[in-house]
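# Summary of structural features
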Amino acid sequence: MANTQDIRRRIKSIRNTAQITKAMQMVAASKMRKAQQHALAGRPYAALMNRVFVSLQKRTDPRLHPLLAVRPVKKELVLIISTDKGLCGALNTNLFREASNFDPEKTVFVVTGKKARQFVARTKRELLADFELKDSPSFVETKPISRFCMEKFLRREVDKVSVPYTHFVNTISQRTLVQTLLPISSFDLPKSEAGESGGQALDPMVGYIFEPSAEVVLDSMLPYYISYQVFQMILDARASEHSARMVAMKNATDNANQFIKDLTLEYNKMRQAGITTELLEIATAQMALSG
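All figures in this text were calculated on a predicted structure; none of them were measured in a lab. Sequence order sets the numbering: in each chain, residues are counted from 1 along the sequence as written. For this predicted model, a pLDDT threshold of at least 70 governs which residues receive local features, and a threshold of 80 or more governs which side-chain atom pairs are given and counted, while totals over whole chains, interfaces and linings are taken from all residues. Computation of side-chain values: all heavy atoms of the structure, hydrogens and water removed.

## So, the overall build of the protein
Heads up, the rule is: A helix here means a DSSP run of H or I that spans at least four residues, while a strand means a run of E at least two residues long, and both kinds are numbered starting from the N terminus. Only C-alpha atoms enter the radius of gyration, while the globule expectation follows 2.2 Å times N to the 0.38, with N the number of residues. Relative accessibility under 20% of the residue-type maximum defines a buried residue, over 50% an exposed one, and the middle range a partly exposed one, all with a 1.4 Å probe and only protein chains included. Residues are treated as being in contact if the distance between any of their heavy atoms lies within 4.5 Å. The charged-residue count follows a simple rule in which Lys and Arg add positive charge and Asp and Glu add negative charge, with His and chain termini not counted at all. In this description, the location of a charge corresponds to atom NZ of lysine, CZ of arginine, CG of aspartate or CD of glutamate.
Scanning the protein from terminus to terminus reveals 6 helices and 5 strands. The helix and strand sequence of the protein, counted from the amino end, reads α-β-α-β-α-β-α-β-β-α-α. Since a compact globule built from 291 residues should have a radius of gyration of about 19 Å, the 29 Å found for the protein marks it as more spread out than a globular shape. Viewed in the frame of its principal axes, the protein has a C-alpha envelope of about 115 × 45 × 30 Å. Buried positions account for 41% of the 291 residues belonging to the protein. Of the contacts made within the protein by residues no fewer than 6 positions apart, 76% connect residues no fewer than 24 positions apart. Of the side chains in the protein, 41 bear a positive and 29 a negative charge, and the two mean positions are spaced by 5 Å.

Written as structure tokens, this is what we have:
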């Protein structure tokens, strides 16, 4: 059974751990606010871009563009967007569970994040490329990733590009998704917007003229659209990472403080029992001497 000295040592150790997790919680909270702002700020722009592509789709034959070509899938490229560090709850575990569903015989992997690189090496899958990014990457810094994926698809080295990543919902909730990046099958309006326009039959950009032609605009914008999709997924993954880490560190700090309270209560009980025992011994000794 532990004595008071062991309990004091455990309390000191847990208190030090709580200080570390509290500091990590504050750092994650600071990064989380910026990451969430960046992730949410890009969504209206992505929605507007989607409206433009819906209009272009109605004015052209999108099947003629190579980035929209649907082929039988003989080889698939999987781009995994993970974190560089751990201590973010089940974020990476859920992500790698989705990534492990791909057939290793028919897939090749491109990763960003040390955890994804370790996963691919641990499961002995084929790694084509590993891209390192800063904590808050810019659009220009993420373009090489999308360019690499597009080159592999256009050269017919792969027939499909899928992206497992963590979609940011809010601070408490992050959802693991697998999105098909290439080929782009179709563009759709949001359900609310489609309902207001009476379905998908109407052109959302009525009154706009595309110069020099809708075909040329579609051809020039599709690579940009792919690059922006990858950029937005990375922003979502960063916001999810910092949110999950902040929540995980808060839970760890709360658990450590509760553990300290329980150990302190046990320590006080042991001290009280020891004092009571000593008083009884003193009283017994005095009674023996007086007798």
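Let us keep going from here.
## Some points on helix H6 (residues 214–290)
Inclusion rule: One less than the number of residues in a helix, times 1.5 Å, gives the span that helix is expected to have. The angle between axes fitted to the seven residues ending at a residue and the seven residues starting there is what we call the bend at that residue.
With 77 residues, H6 should cover 114 Å at 1.5 Å per step; its first-to-last C-alpha distance of 111 Å lies within 8% of that length. The axis of H6 is deflected most strongly, by about 35°, at Met221, and proline Pro223 appears within four residues downstream.

## Here we look at the packing of helix H1 (residues 4–59) against H6
The cut-off we apply is this: The axes used here are C-alpha line fits, helices contributing only the stretch in contact, and every angle between their N-to-C directions lies in the interval 0 to 180 degrees. Note that the term roughly parallel is reserved for angles under 35 degrees, roughly antiparallel for angles over 145, roughly perpendicular for angles of 65 to 115, and oblique for everything else. Crossing handedness: left-handed means the near helix sits turned counterclockwise from the far one by under a right angle, and right-handed means the same turn made clockwise. Gly is placed with the polar residues, together with every amino acid not listed as nonpolar (Ala, Val, Leu, Ile, Met, Phe, Trp, Tyr, Cys and Pro) or charged (Asp, Glu, Lys and Arg).
At a minimum axis distance of 4 Å, the contact between H1 and H6 shows a crossing angle of 160°. In terms of orientation, H1 and H6 fall into the roughly antiparallel class. Handedness of the crossing formed by H1 with H6: left-handed. Tallied by class, the residues present in the contact of H1 with H6 amount to 35 nonpolar, 13 polar and 14 charged.

## Quick look at helix H3 (residues 114–122)
Short version of the rule: Comment: arc refers to directions from the helix axis out to C-beta atoms.
Restricting attention to buried positions, one finds in H3 the residues Ala116, Phe119 and Val120. Around the axis of H3, the buried residues are gathered within 95° of arc, so they sit on the same side. Facing away from the buried side of H3, by more than 90 degrees, are the exposed residues Ala121 and Arg122. Taken together, the buried residues of H3 touch strand S1 (76–81), helix H2 (91–99), strand S2 (107–112) and strand S3 (127–131). Count one or two residues on from H3 and you reach Lys124, which has phi positive near 60°.

## A look at the pattern of salt bridges
Just so we agree on the cut-off: For salt bridges, the criterion is a side-chain nitrogen of Lys or Arg within 4 Å of an Asp or Glu carboxyl oxygen.
All told, the structure shown has 9 salt bridges when counted by the stated rule. A salt bridge links Arg245 to Glu241; its shortest N-O distance comes to 3.1 Å. Of this pair, Arg245 and Glu241 both sit in helix H6, separated by 4 residues, roughly a single helical turn. The class of Arg245 is buried, set by a relative accessible area of 9%.

## A closer look at the pairing of S2
Applicable threshold: Any two strands with at least two DSSP bridges between them are considered paired. A crossover gets the label right-handed when its path from the first strand over the helix to the second runs clockwise, viewed with the strands pointing away from the viewer.
Counting buried positions along S2 yields 6 of 6 residues, so the element is predominantly enclosed. Taking every second residue as pointing to the same face, both faces of S2 are buried, with Thr107, Phe109 and Val111 on one and Val108, Val110 and Thr112 on the other. Direction of pairing for S1 relative to S2: parallel, over a ladder of 6 bridges. Looking at S2, one finds that Val78 is bridged to Phe109. Assessed by its sense of winding, the connection that carries the chain from S1 through H2 to S2 is right-handed.

## Structural notes on the packing of H2 against H3
At a closest axis distance of 11 Å, the pairing of H2 and H3 adopts a crossing angle of 45°. Comparing their axes, H3 and H2 come out oblique. Pair H2 / H3 crosses with right-handed handedness. Contacts between H2 and H3 pair Asn92, Phe96 and Ala99 from the former with Lys115, Ala116 and Phe119 from the latter. Grouping the amino acids of the contact of H2 with H3 by side-chain chemistry returns 4 nonpolar, 1 polar and 1 charged.

## What about the packing of aromatic side chains?
Two numbers describe a pair of aromatic rings. These are the distance of the centres and the angle of the planes. Operational definition: Classification of ring pairs rests on two measures: the distance between centres of Phe, Tyr or Trp rings, Trp counted by its six-membered ring, which must be within 6.5 Å, and the angle between planes, read as stacked under 30 degrees, edge-to-face over 60 and tilted in between.
Overall, the coordinates contain 9 aromatic pairs when judged by the stated rule. Considering the side-chain rings of Phe96 and Phe119, the 4.7 Å spacing of their centres and the 5° angle between planes classify their relative orientation as stacked. In this pair, Phe96 sits in helix H2 while Phe119 sits in helix H3, placing the two residues 23 residues apart along the sequence. With relative accessibility at 4%, the residue Phe119 sits in the buried group.

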